[in-house]
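So the chains spell out like this:
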Amino acid sequence: MESAAADVIILGASGFTGKRVLGEFLRKLPEDRKVGIAGRSRQKLEESLSWALGHTSEEQRLKSSVPIFEADVHDMASLRGLCSKTKLLVSCVGPYRLYGEPVVAACVEAGIDYLDITGEPEFMERMRAKYHEQAVDRESLVVSACGFDSVPAEFGVIFNTKQWQGSSKPNSIDAYLTLRSSTRMKGNFATFESAVLGIASVGELQKLRKSRPIKSPRLQIPGVPLKRPAVHWEDAVNSWAVKIPSSDAVLVRRTLATVAENPDGLPTASKHQEQSLRQWTDIKPVLFGVYLSVKELWRVCFLLLTGFILYVLANFGWGRKLLLSYPEVFTGGVFSKTGPSQEEIDNSSFSMVFVGRGFKDASKVPPGKKQQPDMEIITRVTGPEIGYVTTPIILVQAALLVLENRDKLPKGGVWTPGVAFGTTDYEQRLQNNGLSFDVISKH
């Protein structure tokens, strides 16, 4: 079993999210494809496999033959060996700021494809700055954020922009996230740890951006930027809206900048380049912001206070130690070291409403002209619990897309999900597997 090859290998399959990703692969992977799992502890991997098999049908259980590989992110030889056994590596080993780079480096060196579920902007931008050119040369496709961070936001924006037809064009799209649960949902500790380290790395991210000589092109957006207050009441979701620092906005900007930089699309091995180019040019530039929908005003105050405390403490070593030692105390029980129960996961869902504002005839509103929008399109993306149901769905569908349609994707490079998958049937795949993209209104 140790020497068996696999079409895709999950690194970190014994983790809280990793075993759920494995379960989704076992349910969705075609019979002629094989998934493998990898990590430091064979015993934990076997336990994870038993858990995943227990959540599949009897038929799937009998058909499953999952090879197990031992690998450690601190041992490059083991990672190189792992890469030699597959064409696609899926990493669920976080925080990625601490453990992600060796995996990316090994995949690029081996010329295989890589996907992960990180939502850490500093890690993603550092990987692009460091490995993009090599990945292009090696034809290794590296795509981060293939989870709730940040596919619903990216493809929600793309879906909204495609509703603007003819002479109409959007100026801005604001996303309003609502999290629903019939029981009190607790987030997993690893997610909280990534968030704390992400806050701590803001300074490094700013230095990285300043060090890069190439600046993104100025997006050609009709009108002037519409400024929305950080906290405001939003009629579209009938609640207060609080702007949140998020990788969603970073990824959307990168995708839109890439489209602007490459008006003729990216090189692929596909014979359907003309169709891909039409879909590529349907992605329109916009200003984008992300807000959390909050019904009660006191919750807005609690959210702002908690955010302030996290920001202050995360910038000091002793503060990070406190936060990571007592997550429940500093988040009011939102995160815990035990993570959510299965009942909490089963009774949770999300809704992301996208409010697009723009102009019916954009030809009359050049960039920089001060004019109020006269058109609004509202769309929505909905799905099950974000971290342990939606994220595995998104990741597995991305992996299947890579395995089945590799010739229609960029030949290589470090890209966002929107750039890598935006001209494919990825949105439809998500719709077929539990997410929904809907048009709410046009006027």
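All values reported here derive from a predicted model rather than from experimental measurement.

Enquirer: Which parts of the structure should I look at to understand the sheet that holds strand E10 (residues 287-294)?
Expert: Adjacent strands of a sheet form backbone hydrogen bonds with each other and so pair up, either parallel or antiparallel. Strand order in the open sheet made by the seven strands is E8-E9-E10-E7-E11-E12-E14, with mixed pairing throughout. Looking at the sheet topology across the chains shown, the edges are occupied by strand E8 (231-234) and strand E14 (436-442). In this sheet, neighbouring strand axes are inclined to one another by 30° on average, regardless of whether the strands run parallel or antiparallel. Together, strand E7 (169-181), E10, strand E11 (348-359), strand E12 (375-384) and E14 form the strand contacts of helix H8 (residues 151-161), whose direction differs from that of E11 by roughly 40°. With respect to the sheet, helix H13 (residues 297-314) is in contact with E8, strand E9 (239-243) and E10, its orientation differing from that of E9 by roughly 10°.

Enquirer: Would you mind going over the sheet that holds strand E4 (residues 88-91) with me for this structure?
Expert: Spatially, the seven strands line up as an open sheet ordered E3-E2-E1-E4-E5-E6-E13, and their pairing is parallel. The open sheet is flanked by strand E3 (68-70) and strand E13 (413-415), the only strands paired with a single partner. Taken pair by pair, the neighbouring strands of this sheet meet at an average axis angle of 20°, ignoring direction. Across four bridges, strand E1 (residues 8-11) lies against E4 in parallel orientation. Opposite Val 8, over in E4, you have Leu 88 as the bridge partner. Running over the sheet, helix H6 (residues 101-110) touches E1, E4, strand E5 (113-116) and strand E6 (141-143) and is turned about 155° from E5. In the packing of helix H7 (residues 121-138) onto the sheet, the strands contacted are E5, E6 and E13, and the crossing angle to E13 comes to about 150°.

Enquirer: So what exactly am I meant to see when it comes to the packing of aromatic side chains here?
Expert: The geometry of an aromatic ring pair is captured by two quantities: the separation of the ring centres and the angle between the planes. Per the stated rule, a full pass over the model turns up ten aromatic pairs. Relative to Phe 335, the ring of Phe 192 has its centre 5.4 Å away and its plane inclined at 35°; by these criteria the two rings are tilted. Residue Phe 192 is located in helix H9 (residues 189-200), and its partner Phe 335 is located in the loop between helix H15 (327-331) and helix H16 (342-346); the two are separated by 143 residues in the primary sequence. Taking the centre distance of 5.8 Å and the plane angle of 25° together, the rings of Phe 316 and Trp 318 count as stacked. Residue class for Trp 318 comes out exposed when judged on its relative accessible area of 54%. Connected via pairs of aromatic rings, a cluster forms that spans Phe 155, Phe 421 and Tyr 426.

Enquirer: Can you help me understand the pattern of salt bridges in this one?
Expert: Pairing between side chains of opposite charge can happen when their charged atoms approach one another. Going through the model one piece at a time under the given rule, you end up with 19 salt bridges. Three or more residues joined by partner-sharing salt bridges are found here, namely Asp 174, Arg 228, Glu 234, Arg 357 and Glu 376.

Enquirer: Looking at this model, I keep getting lost on helix H14 (residues 317-325). Mind explaining?
Expert: For the α-helix, the turn length of 3.6 residues means that residues three or four positions removed from each other point alike. Among all positions in H14, only Gly 319, Leu 323 and Leu 324 are buried. Down the axis of H14, the sector holding all buried residues measures 125°, keeping them to one side. The outward face of H14, more than 90 degrees from its buried face, is lined by the exposed residues Trp 318 and Lys 321. Residues of H14 that are buried in the fold lie against H9, H13 and H15.

Conventions used here
- Along every chain, residues carry numbers that run from 1 in the direction the sequence is written.
- At least 70 in pLDDT is required for a residue's local features to be given in this predicted model, at least 80 for side-chain atom pairs to be given and counted, and no such filter applies to totals for whole chains, interfaces and linings, which use all residues.
- Calculated side-chain values reflect all of the structure's heavy atoms, with hydrogen atoms and water omitted.
- When DSSP finds at least two bridges between two strands, those strands are taken to pair.
- Numbering of helices and strands runs from the N terminus, with a helix taken as a DSSP run of H or I at least four residues long and a strand as a DSSP run of E at least two residues long.
- Axis definition: a line fitted to C-alpha atoms, over the contacting stretch in the case of helices. Angles run 0 to 180 degrees between N-to-C directions.
- Every residue pair with non-hydrogen atoms within 4.5 Å of one another is taken to be in contact.
- Pairs were defined over the aromatic rings of Phe, Tyr and Trp, the Trp ring being its six-membered one, requiring ring centres within 6.5 Å. Orientation was assigned from the angle between planes: stacked under 30 degrees, edge-to-face over 60, tilted for the rest.
- Only protein chains enter the accessibility calculation, which uses a 1.4 Å probe; a residue whose area is less than 20% of its type maximum is buried, one above 50% is exposed, and one in between is partly exposed.
- Basic side-chain nitrogens of Lys or Arg form a salt bridge, by our definition, when they fall within 4 Å of a carboxyl oxygen of Asp or Glu.
- Here, the arc refers to the directions that run from the helix axis to the C-beta atoms.

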